[in-house]
Structures are given as C-alpha cells and as structure tokens.
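Examination of the molecular architecture
Here is how the chains run, residue by residue.
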Amino acid sequence: MKTIFVKPLTIQKKWYLIDAEGKELGKVAVAAARILRGKNKPEFVPHQDMGDYVIIINAEKAALSGNKYQDKMYYRHSNYPGGLRQTSYADMVKRNPVYPMERAVHGMLPRGPLGRKLYTNMKVYAGNKHQHQAQQPIKVEI
C-alpha cells in the first residue's frame, strides 16, 4: 500500500463561514481550529497547510458560561518590573470585540511557522457583515 502525499499546489481550499452569535466561544474556536488545520480532511498530515479558510462573524456576540463575562481575565506584561496588565473579558470586548475569538483560535493552533501561516487563513468580524461573498463560503453549523 502506498502513502498518498498531496502536493501543496494540488490542494483545493474552500471557504467556511461560522456564525458565533449565541454559541460558546470555545466551541466556535475548536470548530475553526479544526477546519484551519485540515483535520476534517482524509488527506490530513500534521506538517503541511492542508486546511481551509474560515470566516467568523458576530464574534462579539459569542456566549460564555457562568460568570466568565466579568471574571475572565486577559494578561499581558511589558517586561518591566511591575508591568503586569490585566483586562477583563467585558472590557476587552468593548475595546477590541474580535480579540477574544482570535486569541482562542490562535491558542489552538500549532506553535511556529506553520501555526502562524494557518492563523492568516482566518478572518474574524465583530458584526454580521463580511467582504468575502465572492468566495461563496459554506455555512458551518455548531
């Protein structure tokens, strides 16, 4: 039996649309990461970009369970003593509505050059408008 090796030029990439309104943030991120990585395809290999493009709309309307809307914190550090900054999910959604979704998906992708390339295949929008109608995205139900 021979191993099937797909060349990068022969891969047919599709566009998928995920509506995050009312859906849990983590479940939307998992679905997006699987499609970006290409794990939904039979010819998946871990060292190649086999995935498709993903469009996530209504990212600011994604749901969180429990009290995470007020309690979930995002941390960053300036690398100076005492430079730890923290922002709650509620404040982050007000300041940058797509950041929580982008960070959740980015954390589920591999580290290194492949992960950075896969991350560029994702487009996240706070509202329900997007500019990718010409690609005729396939709607994904979660």
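Since this is a predicted model, take the numbers as computed values, not measurements.

Helix H4 (residues 99-107) packs onto helix H1 (residues 25-37) with a crossing angle of 50° between their chain directions and a minimal axis gap of 9 Å. Taken together, the axes of H1 and H4 are oblique relative to one another. Viewed along their axes, H1 and H4 form a crossing whose handedness is right-handed. In contact with Leu25, Val28, Ala29, Ala32, Ala33 and Leu36 of H1, H4 contributes Pro100, Met101, Ala104 and Val105. Each residue belonging to the contact of H1 with H4 can be placed in one class, and the counts come to 10 nonpolar, no polar and no charged.

Within H4 the residues assigned to the buried category are Pro100, Met101, Ala104 and Val105. Take H4 and look down its axis: the buried residues cluster within an arc of 125°, on one side only. On its buried side, H4 packs onto H1, strand E2 (53-57), strand E3 (73-77), helix H3 (89-95) and strand E5 (122-124).

Evaluation of the coordinates by the stated rule reveals 3 salt bridges. Note that Asp49 is salt-bridged to Lys13, the shortest N-O span being 2.9 Å. Remark: Lys13 occurs in the segment before strand E1 (15-19) and Asp49 occurs in the loop between H1 and E2; sequence separation between them is 36 residues. Overall, the relative accessible area of 28% leaves Lys13 in the partly exposed class. Measuring nitrogen to oxygen at the nearest pair gives 3.1 Å for the salt bridge that ties Lys41 to Asp52. Placement of Lys41 in the loop between H1 and E2 and of Asp52 in the loop between H1 and E2 is noted, with a sequence separation of 11 residues between them. A single network of salt bridges, built from pairs that share partners, joins Lys13, Asp49 and Lys117.

As a further point, take the nonpolar core. Formed by 25 residues in total, the largest nonpolar core has its most connected members in Ile18, Val54, Ile56, Met101, Val105 and Val124. Where this core is concerned, the elements lending two or more residues are E1, H1, E2, H4 and E5. Tallying contributions element by element places H1 first for this core, with 8 residues. If we ignore the near neighbours within four places in the chain, the residues touching Val54 are Tyr16, Ile18, Ala32, Ile35, Leu36, Asn121, Met122 and Lys123. Counting 5 residues, the second-largest nonpolar core is a separate cluster that includes Trp15, Leu17, Ile55 and Tyr125.

Moving on to the sheet that holds E1. If you walk across this open sheet you meet the 4 strands as E5-E2-E1-E6, and the pairing is parallel. Edge strands, defined here as strands with exactly one partner in the open sheet, are E5 and strand E6 (138-140). Pairwise comparison of adjacent strand axes, ignoring direction, gives a mean angle of 25° for this sheet. Both E2 and E5 contribute to a ladder of 3 bridges, which runs parallel. Its bridge partner lying in E5, Ile55 is registered against Lys123. Contacts from H1 reach E1, E2, E5 and E6 within the one sheet, and its direction differs from that of E2 by about 160°. Running over the sheet, H4 touches E2 and E5 and is turned about 155° from E5.

Cut-offs applied
Residues numbered from 1 in each chain as written. Predicted model: local features only at pLDDT ≥ 70, side-chain atom pairs only at ≥ 80, totals over all residues. Heavy atoms only, no water. Axes fitted to C-alpha atoms, helices over the stretch in contact; angles between N-to-C directions. Helix = DSSP H or I, 4+ residues; strand = E, 2+ residues; numbered from the N terminus. Parallel < 35°, antiparallel > 145°, perpendicular 65-115°, else oblique. Left-handed = near helix turned anticlockwise from the far one by under 90°. Contact = heavy atoms within 4.5 Å. Nonpolar A, V, L, I, M, F, W, Y, C, P; charged D, E, K, R; others polar. Buried < 20%, exposed > 50% of the residue type's maximum accessible area, 1.4 Å probe, protein only. Arc of directions from axis to C-beta. Salt bridge = Lys/Arg side-chain N within 4 Å of Asp/Glu carboxyl O. Core = buried A, V, L, I, M, F, W, Y, C linked by side-chain atoms within 4.5 Å. Pairing = 2+ DSSP bridges.

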